[in-house]
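# Descriptive analysis of the structure
Okay, here's what each chain looks like letter by letter:
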Amino acid sequence: MERIFLKKDLGKNLEEYDFLGLKNALKMQPQQVINKIKESGLRGRGGAGFPTGIKWETVFSIENDTKFIICNADEGEPGTFKDRFLMENLPFKVLEGIIISGYATGSKYGYIYIRGEYVEAIKIVKKAIEKLYEKNILGENILNSDFLFDLKLVRGAGAYVCGDETSLINSIEGDRGKSRIKPPLPVFEGLYGKPTVVNNVETLAAAAEIMSYDNNPYSQMGTEKSRGTKLVSISGDVNKPGVYEVEFGKLTVKDIVQELAGGVKGEKIGFVIPGGISTEALTEEELDVPYTYENLQKMGSNIGSGGMIVVSSQRNHLEIVKNVSDFFRDETCGTCFPCREGNKNINKIVSDIYKRGYPTSHEIEIISDIQYAVSSAARCGFGESSLNLILSIFEKFYTKKVEV
Amino acid sequence: MKVKINNREYEFDQEISILDATKKAHIKIPTLCYSEKLEPFGSCRLCSVEIKGERTLKPACVTKITDGMEIFTHSQRVRKTRKTIMELIIASHGINCNLNCLTCSKSGSCEIKEVAEEIGVTEIRVPPISIGLPEDRSSYSIVREPQKCIVCNRCVRKCSEVQSVNILTIANRGPDTYVTTFMDKGMGNVDCTNCGQCILECPTGALHEVYQMDQVWAALSDESKYVIVQTAPAVRVAIAEEFGAEPGKIATKQMVAGLRLLGFDKVFDTNFAADLTIMEEANEFIERFKNNGKLPLFTSCSPGWVKFLEHNYPEFIDNLSSCKSPQQMFGAIAKTYYANKLGISKEDMVVVSVMPCTAKKFERVRPEMKGDVDYVLTTRELAKMFKLAGIDLLNVPQEEYDEPLGISSGAGAIFGATGGVMEAALRTAYEVITGKELEKLDFEAVRGIEGIKEATVEIDGINLKVAIVNGLGNARKVLEMIKNGEKELQFVEFMACPGGCIGGGGQPIPTNNEILLKRMQAIYEVDRSLPIRKSHENPAIKTLYKEFLEEPLSEKSHELLHTTYLARS
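Residue positions are given per chain, counting from 1 as you read along its sequence in written order. All chains are assigned letters beginning with A, and all ligands numbers beginning with 1, in the order in which they are written. Reporting in this predicted model follows two pLDDT cut-offs: at least 70 for local features of residues, and 80 or more for side-chain atom pairs to be given and counted; totals over whole chains, interfaces and linings ignore these cut-offs and use all residues. With hydrogens and water set aside, each side-chain value is computed from the structure's full complement of heavy atoms.

Stated precisely, the cut-off is as follows: UniProt positions are given in the numbering used here, feature names are shortened, and annotations may be inferred rather than shown by experiment.
In the nomenclature of an unreviewed UniProt entry, chain B is known as Ferredoxin of Petrotoga miotherma DSM 10691. The heading Subcellular location (unreviewed entry) in the UniProt record of chain B holds the text "Membrane". Database annotation for chain B, UniProt heading Sequence similarities (unreviewed entry): "Belongs to the complex I 75 kDa subunit family."

Chain A goes by NADH dehydrogenase in an unreviewed UniProt entry, where it is assigned to Petrotoga miotherma DSM 10691. According to UniProt, the comment filed for chain A under the heading Sequence similarities (unreviewed entry) is "Belongs to the complex I 51 kDa subunit family."

Okay, structure coming up:
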């Protein structure tokens, strides 16, 4: 598969990197940059899929001397490692995206918040930031323009919930990593109460790439609602796990598994988790779905973070459910009742099911009710999506099979 | 702006929260982590409502109304969600055979029970989970039972937002999140003031006072002991609430009768000791004022406030009045003057206090004045004892306090409300300084429920600047202002609890603003109804000085009625 936007292997060597995206941006007015991003149809690549241009425009339109850009590099979704790939292999593209978003929104300060476990990525990005300061691509009068931008790296302490933008902001401020009540949205009152853009690593890298073209090939790609390309990280029972760039709508989930990842290891596919463990599982029969936001949503699942996990039919599904539930039990921040108590209680029920080897219909009913309540009333995206996968596996594999 | 609530149109002129809007529309939405005195927190999610066009439910406490908003407070999705959340809360609340509602401190005032009923929970389908944390019994005043805690944060927020004491915090994360004190040291080993505001705030039985009911029952059954009781001013205007009466019901005489029925040998009034406190404190103030002593003078009746100052502002210790609180003065007089009169030894006398306060339990054991009082009961504990003894408080024949330690003035009574000590002191100080009779007894300027009140009182051509402060958060503000030279004051009354003793940590639950105001009205009604309204006109006090103490600030007074303090920082 040809890499379209991330095709240039301009890895870690600054001398070879052209910063064309940033140079183009600095020649334009901020609103023009925003327009170009809007035209590209770029949606946030962290999981929520919010249109990036609109987010930038909102912050740009707020008058405030201090605004912030935060690059969310707290990639913690199990099975997702495309941000790590980007930071380790294309650090300058990521940083370029941050600087461009700063320029477009009128922000002079940026943070890149990298999860603490990404030791290598932290080293590389740190060095890259230092080099950019040396080369006058960060700091004052960037590339001889009158644009000023400072960037700081913050290392996460290891809480998955800090991937939620408000938890991440709390964490940077030195508070507990727990979600804030929205509204106010971070674009209005974010870091230190100032207007703040929080974008995922991949989103910003894509923005840099989009800006490097005079025309806008990005908007020509994909489907109307899912434009451009997406980095998919594939792991699990496949022959060629890794990070692949996929043009939206060109391939089905099955194609991605079979053609890009070399097919399933083992007898046959049991199920595929298409976008990290916050997204619902797809059974083998459901895999012919084109890889787009809208098509996966139609199937009751989601693109999520793009972390695709393939599970062979030979695996014990309950073991996976137990693993996933353990993860969410441990990682809920504990502030809102539905998420804290829901994940705790479901974990207890799932442990019982795992020990026994099958669920009762009563247990599936309770799990379904808890998922309904938690996804309706939790305080942040973590809670909202924490029980989706677990419930989908029970619904798809156990409701008909088991009756006690 | 126009808002539709459950398909009916309402108009509001302000951008208020959905919760406030529904309240105005007389629709009740269940809440647990919400409290009128605290910043909305949005964690229990029981107040979640459906809003047309929104993907998920929104918490009514932290979501503001917008023009054209369509809100559904009890749709099927809302009902189903609330019910499940409530099931989860109950499952984690530590209910099993050993730890059930029957034995809980909040069995009669349990908020989660009330909310569960509102929501219509009929079964708990999830298995109970216990966090298995030990009880915290390190404090003389407050017990924590973490297994009953639902981590709503209200105690943490009350301690921080209202009291600015900050001894409670959240530890760990996720399901292991729990409420604790600094380094898990326990309430007795941190800067807790024992004010008990956390108990009032707790919706479950996770916090309650250290009970002394059993010890009091034992003393009452011990025939070799002469057991006397004193009741604080704020108890009489609150205790009837525990028996279903409206807040503000005065039940002094019923309570006196009830105490006799319990078997106390004598029933006395802390108001008597309050009058005594005024005699000493007003004279202390006059002396400091005339002799360029340390000013402003700070009142010292509230042990929660005293401990707060000892921990946080030791530099102001000399500003504290050296007067013991009325509770302790009562004990000291009872065990000397009164015991002598009876011809019994101090050891055979047991002094019990009924207080609206949990900090009094700590004050009792302070080494500076240990032995004055033997046991302290809160208003709630006394109600429990009445119930246990089958005393139908609202219908017992009304009786009067015993003499002489039951004789008191209206000035003693108003100690129960914020501003009362100041007003009582001013009534006496005015007449002592001027030698003239005070025409208008009611100092309206110092009354009311506001946290910080200031007034200038003219006595004999001198303008006296006074302030009345309730709630420790407000105390901190005023102390900071005095420290920075932004406030020049001569006399300040401080009370640890919002509203003063009527809002004390030992009072009936719920205690909210509406209830506080009713109790306060009742306090001033008690004052108005009394024939004597000035401490120095109390005949029993006059006799006490004549027979025993000689005069205010005498050597004897200093020995028995004054104390010292401790820098605790």
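### Here we look at the packing of helix α10 (residues 326–342) of chain B against helix α17 (residues 539–549) of chain B
Residue and element names in this part refer to chain B. To keep it simple, the criterion reads: Each axis is a line fitted through C-alpha atoms, taken for helices only over the stretch in contact, and angles between the N-to-C directions span 0 to 180 degrees. Helix and strand definitions follow DSSP, with helices as H or I runs of at least four residues and strands as E runs of at least two, each counted in order from the N terminus. Roughly parallel here means an angle under 35 degrees, roughly antiparallel means over 145, roughly perpendicular means 65 to 115, and every remaining angle is called oblique. Whether two residues are in contact is decided by their heavy atoms: any pair within 4.5 Å suffices. When residue character is reported, Ala, Val, Leu, Ile, Met, Phe, Trp, Tyr, Cys and Pro are called nonpolar, Asp, Glu, Lys and Arg charged, and the others, Gly included, polar.
Interaxial distance between α10 and α17 falls to 12 Å at its minimum, and their mutual angle equals 80 degrees. With respect to α17, the axis of α10 lies roughly perpendicular. From α10, Ile-333, Thr-336, Tyr-337 and Lys-341 reach across to α17, where they touch Thr-543, Leu-544, Glu-547, Phe-548 and Leu-549. Classifying every residue of the contact of α10 with α17 by side-chain character gives five nonpolar, two polar and two charged.

### A few points about the pattern of salt bridges
Residues and elements named next belong to chain B. Note the threshold: Any carboxyl oxygen of Asp or Glu within 4 Å of a side-chain nitrogen of Lys or Arg constitutes a salt bridge here.
Considering all chains together, one arrives at 68 salt bridges over all chains under this definition. Lys-52 is the partner of Glu-70 in a salt bridge, and the nearest nitrogen-oxygen pair spans 3.8 Å. Of this pair, Glu-70 sits in strand β5 (residues 70–72) while Lys-52 sits in the loop between β3 (48–51) and β4 (58–59); the two residues are 18 residues apart in sequence, bridging distant segments of the chain. Through salt bridges with shared partners, one network takes in Glu-423, Arg-427, Asp-442, Arg-447, Asp-527 and Arg-533.

### Considerations on helix α1 (residues 20–27) of chain A
We apply this condition: Working definition: with a 1.4 Å probe on protein chains only, accessible area under 20% of the residue-type maximum means buried, over 50% means exposed, and in between means partly exposed.
Inspection of α1(A) places A:Gly21, A:Leu22, A:Asn24, A:Ala25 and A:Leu26 among the buried residues, and these make up the whole buried set. Turning to α1(A), the residues buried within the fold contact α2 (30–40), α5 (91–105) and α8 (201–211) of chain A.

### Remarks on empty space enclosed by the protein
Residues and elements named next belong to chain B. To keep it simple, the criterion reads: The rule is simple: put a 1 Å grid over the protein atoms alone, call a set of points where a 1.4 Å probe fits but cannot get out a cavity, call an open set with protein on both sides within 12 Å along at least five of seven lines a pocket, and count a residue as lining if it has an atom within 4 Å of a point. Grid points are joined across faces, edges and corners, and a volume is the space filled by probe spheres set on the points.
One pass over the structure, following the stated rule, counts nine cavities of 30 Å³ or more. Its boundaries defined by the atoms lining it, the largest cavity holds a volume of some 260 Å³. Lining the largest cavity are 23 residues, and of these Cys-301, Ser-302, Pro-356, Lys-360 and Cys-501 lie nearest its centre. Each residue belonging to the lining of the largest cavity can be placed in one class, and the counts come to 16 nonpolar, six polar and one charged. Taken as a whole, the second largest cavity spans an internal volume of roughly 140 Å³. Classifying every residue of the lining of the second largest cavity gives 11 nonpolar, two polar and two charged.

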